[in-house]
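So you can see what is in the structure, the chains are spelled out below.
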Amino acid sequence: MYQYTIIGGHELKGEISVYGDKNTALKLIPATILAANKCTISNIPDITDITTMMEIMKDLGAKIKKIKTGQFEFDTKPVRKTTINPLLARKLRASTVLMGPLLARFKKVSIPHPGGCVIGKRPIDIHLDAFKKLGAKISIKDSYYHIVTKNLKGTKIIPHSISVTGTENIMMAAAMAQGKTTIEYCACEPSIVALADFLNQMGADIRQAGSPKIIINGQKQLHGANTTVISDRLETGTFIILGALCAKELVIKNCQPNHLEVFLEIIKKAGVKIKRSHNQIVVYRSKHLKPNNITTNAYPGFPTDLQAPYTLLMTQADGVSMIHETIFEGRLNYIEWLNTMGANITLCDPHRAIVSGPTPLVGKKIVSPDIRAGMTLIIAGLMAKGKSQIDNIDLVDRGYTNLDQRLKEIGARITRKKI
Ligand code: EPU
């Protein structure tokens with residue numbers, strides 16, 4: 001277990017670079033199972049979720065070679081196993097996205113219910129219903145879902161809700177199904193577009209990814225391809241809030257502001273000053289933040305993953321803001337920790353909170369509840385007066401590369417300790 005100690009209240013300044021997107025890399029890696037020959041992926045972030053995904057791939061039989069930092073070659077020809085290691089699957093929600101490619105290539109896959117951040121119930125019925133529609137049979141035995149098919153056949157799929165990994169799984173299964181699949185009510189995240197682009201480079205025929213309706217013409221075989229992971233829009237958004245709260249001027253490099261349009265509009269409304277170019281954002285400490293309500297939504301709406309840092313921002317706004325989390329019912333659990341530090345936030349129900357600001361924060365001993373909330377508490381520690389100790393940093397390591405080092409480089413007083 002790792003712990004951060006932070007001495008807060010010191011102004012940050014300088015440049016911070018954004019790494020490759022966790023939630024894209026976690027889908028591109030399983031996609032290589034569909035390729036008949038080797039694939040190379042660059043800009044893969046060095047985070048523990050990726051290490052777990054690589055371990056699962058190796059356990060299945062894949063050969064993975066590091067070419068240089070962030071760049072790996074994947075040879076999935078030797079893969080024979082179709083049962084996903086339960087200990088590894090339980091560490092990682094994204095282990096679900098192995099179902100689609102394994103089912104498409106081997107006609108069978110067995111997987112335990114996946115783990116990941118405890119932010120809500122997180123069912124996988126959308127994935128399973130879609131596989132059934134594509135012609136698979138599903139049984140549950142010994143805590144495993146066993147999915148088998150004689151042949152996947154293209155069909156029309158309308159999920160009951162917008163699901164990111166659901167859309168990605170269906171795309172990968174349908175890429176090698178017989179005939180045409182139409183998915184309506186799709187997720188539109190940049191990770192979906194990046195995955196479709198990669199699959200198309202492998203020879204798939206996937207159209208309109210990034211829109212609510214995706215059309216896939218199944219192919220008999222896919223071949224190897226190379227790709228580069230897009231930059232992490234959630235890391236970018238988090239650093240913008242870090243800059244607005246703690247930095248005189250923070251230059252956020254290697255980012256894609258066009259993946260964050262709604263978020264950028266909303267934080268500008270809240271009084272955050274930014275300057276953007278096509279791959280860089282400069283943010284300045286905001287002295288007069290205005291209260292502003294948000295409702296989280298599927299992309300391109302306000303991202304649920306930036307809800308926690310935004311709530312922290314609103315603790316410094318002059319007035320009352322309503323935070324409405326519509327995607328997950330367990331994503332306001334960090335609020336008690338912010339209140340311990342001096343915030344004035346009322347949790348109305350599992351989906352809504354009212355933030356009254358501005359409130360100065362003071363350093364405390366706190367515990368990170370999940371990746372995004374943990375990152376929020378780190379920013380709270382950096383802006384708070386005095387010393388904070390944040391436990392359970394292992395959860396933050398799942399999503400942010402080399403974080404303490406990057407924060408030190410912009411002036412943060414932060415130390416990491418193994419306990
Ligand atoms: N849902 C169902 N049935 C399903 C799948 C989802 O009812 O079969 C519901 C969920 O309970 C939730 C909503 O649909 O209420 C959306 O869930 P979604 O499936 O889109 O979430 P996910 O694919 O499991 C991904 C990201 C999350 C991110 C969400 C929402 C990955 C690996 N994870 O999760 O990222 O919060 O989309 O954008 O891509 C993170 O990075 O910290 C993280 C949690």
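Residues numbered from 1 in each chain as written. Predicted model: local features only at pLDDT ≥ 70, side-chain atom pairs only at ≥ 80, totals over all residues. Heavy atoms only, no water.

Engineer: Can you tell me about the overall build of the chain, naming the residues and giving the values?
Structural biologist: Within the chain, the regular secondary structure consists of 14 helices and 23 strands. In terms of overall dimensions, the chain is globule-like: its C-alpha atoms have a radius of gyration of 21 Å, near the 22 Å expected for 419 residues. Summarising its shape, the C-alpha atoms of the chain cover approximately 60 × 45 × 40 Å along the three principal directions. Sorting the 419 residues of the chain into buried and exposed places 57% on the buried side. Sequence separation of at least 24 residues holds for 71% of the intrachain contacts in the chain that already meet a minimum separation of 6. Total accessible area on the chain stands at roughly 16800 Å², and carbon and sulfur atoms take up 51% of it. For the chain, the distance from the average site of its 56 positive side-chain charges to the average site of its 34 negative ones is 3 Å. (Helix = DSSP H or I, 4+ residues; strand = E, 2+ residues; numbered from the N terminus. Rg over C-alpha atoms; globule rule 2.2 N^0.38 Å. Buried < 20%, exposed > 50% of the residue type's maximum accessible area, 1.4 Å probe, protein only. Contact = heavy atoms within 4.5 Å. Areas by Shrake-Rupley, 256 points an atom, 1.4 Å probe, with all protein chains shown as cover. Lys, Arg positive; Asp, Glu negative; His and termini not counted. Charge placed at Lys NZ, Arg CZ, Asp CG, Glu CD.)

Engineer: Outline the site of the ligand, supporting the account with residue identities and numerical values.
Structural biologist: Surveying the vicinity of the ligand reveals 24 residues, the closest of which are D125, S163, T165, I327 and R372. Between N23 and the ligand, the recorded distance is 3.0 Å, taken from a side-chain N or O atom to an oxygen atom. Between the ligand and the protein, one listed contact pairs a nitrogen atom with a side-chain N or O atom of D125 at 2.7 Å. Surface burial for the ligand is 90%, taken as the share of its 840 Å² of free accessible area covered by protein chains. Within the residue set of the shell around the ligand, elements represented by two or more residues are α1 (22–31), α5 (125–133) and α6 (164–175). When the residues that make up the shell around the ligand are grouped by side-chain class, the tally is 9 nonpolar, 6 polar and 9 charged. (Near = heavy atom within 4 Å. Polar contact = N/O pair within 3.5 Å; in protein donor to acceptor, adjacent residues only side chain to side chain. Nonpolar A, V, L, I, M, F, W, Y, C, P; charged D, E, K, R; others polar.)

Engineer: Can you break down α5 residue by residue, with the values?
Structural biologist: Among the residues of α5, I126, H127, L128, A130 and F131 are the ones counted as buried. In the core, the buried residues of α5 are packed alongside α4 (99–106), β7 (136–141), β8 (144–149), β9 (156–157) and α6. Just downstream of α5 lies G135, where phi reads positive at about 110°.

Engineer: Quick one: what's the story with the sheet that holds strand β6 (residues 108–112), residue by residue and with numbers?
Structural biologist: In spatial order, the strands read β6-β8-β7; together these 3 strands make up an open sheet with antiparallel pairing. If you trace the sheet from one side to the other, it starts and ends with β6 and β7, each paired once. Direction aside, the axes of adjacent strands within the sheet are offset by 20° on average. Bridge analysis of β6 against β8 gives 5 bridges, and the strand direction is antiparallel. The partner of K108 across the bridge, within β8, is V148. Across the sheet, α4 touches β6, β7 and β8, and the angle it forms with β6 is around 155°. This element, α5, spans β7 and β8 of the sheet and lies at about 135° to β7. (Pairing = 2+ DSSP bridges. Axes fitted to C-alpha atoms, helices over the stretch in contact; angles between N-to-C directions.)

Engineer: Describe the environment of G135, naming the residues involved and giving the relevant values.
Structural biologist: Topologically, G135 is positioned in the loop between α5 and β7. G135 sits 81 residues away from I216 along the chain, and the two C-alpha atoms are 16 Å apart. Every residue in contact with G135, bar those within four places of it in the chain, is listed here: V148, T149 and N151.

Engineer: So what's going on with the packing of helix α10 (residues 307–314) against helix α12 (residues 371–383)? Residues and values would help.
Structural biologist: Geometrically, a packed helix pair is captured by the angle between its two axes and the distance between the axes. One can describe the packing of α10 onto α12 by two numbers: an axis separation of 8 Å at closest approach and a directional angle of 25°. On the basis of the axis angle, α10 is roughly parallel to α12. Remark: the crossing between α10 and α12 carries right-handed chirality. In this structure, α10 contributes A308, P309 and L312 to the contact, and α12 contributes R372, A373, T376, I379, A380 and M383. Tallied by class, residues from the contact of α10 with α12 come to 7 nonpolar, 1 polar and 1 charged. (Parallel < 35°, antiparallel > 145°, perpendicular 65-115°, else oblique. Left-handed = near helix turned anticlockwise from the far one by under 90°.)

Engineer: Help me get a handle on the sheet that holds strand β18 (residues 319–324), residues and values and all.
Structural biologist: As summarised here, the arrangement of the 4 strands in space is β17-β18-β20-β19, forming an open sheet in which the pairing is mixed. Across the chains shown, the open sheet's two edge strands, defined by having one partner strand only, are β17 (294–295) and β19 (344–349). Strand direction decides the pairing type here: β18 and strand β20 (residues 352–357), joined by 6 bridges, are antiparallel. Each residue of the ladder has a partner; that of G319, found in β20, is G357. On top of the sheet, α10 reaches β17, β18, β19 and β20; it is set at about 170° to β18, its chief contact.

Engineer: Explain the domain arrangement of the chain to me, and be specific about the residues and the numbers.
Structural biologist: According to the domain assignment, the chain consists of domain 1 (2–19 + 231–418) and domain 2 (22–228). The distance between the C-alpha centroids of domain 1 and domain 2 comes to 30 Å. Across the contact, 21 residues belong to domain 1 and 20 residues belong to domain 2. Taking both partners together, domain 1 and domain 2 bury about 1700 Å²; carbon and sulfur atoms supply 55% of that area. For the domain 1 face of the interface with domain 2, the top three residues by lost area are Y299, E329 and R398, together amounting to 36%. At the boundary of domain 1 and domain 2, one finds 1 salt bridge. The shortest N-O distance in the salt bridge between D49 and R398 comes to 2.6 Å. At the junction of domain 1 with domain 2, the criterion picks out 4 residue pairs in polar contact (both at pLDDT 80 or more). Mapped onto the side of domain 1 that touches domain 2, the elements with two or more residues apiece are α8 (233–246), α12 and α13 (394–397). A per-class count over the side of domain 1 that touches domain 2 returns 7 nonpolar, 5 polar and 9 charged. (Domains from an automatic or database assignment. Buried area = accessible area lost by both parts, 1.4 Å probe. Salt bridge = Lys/Arg side-chain N within 4 Å of Asp/Glu carboxyl O.)

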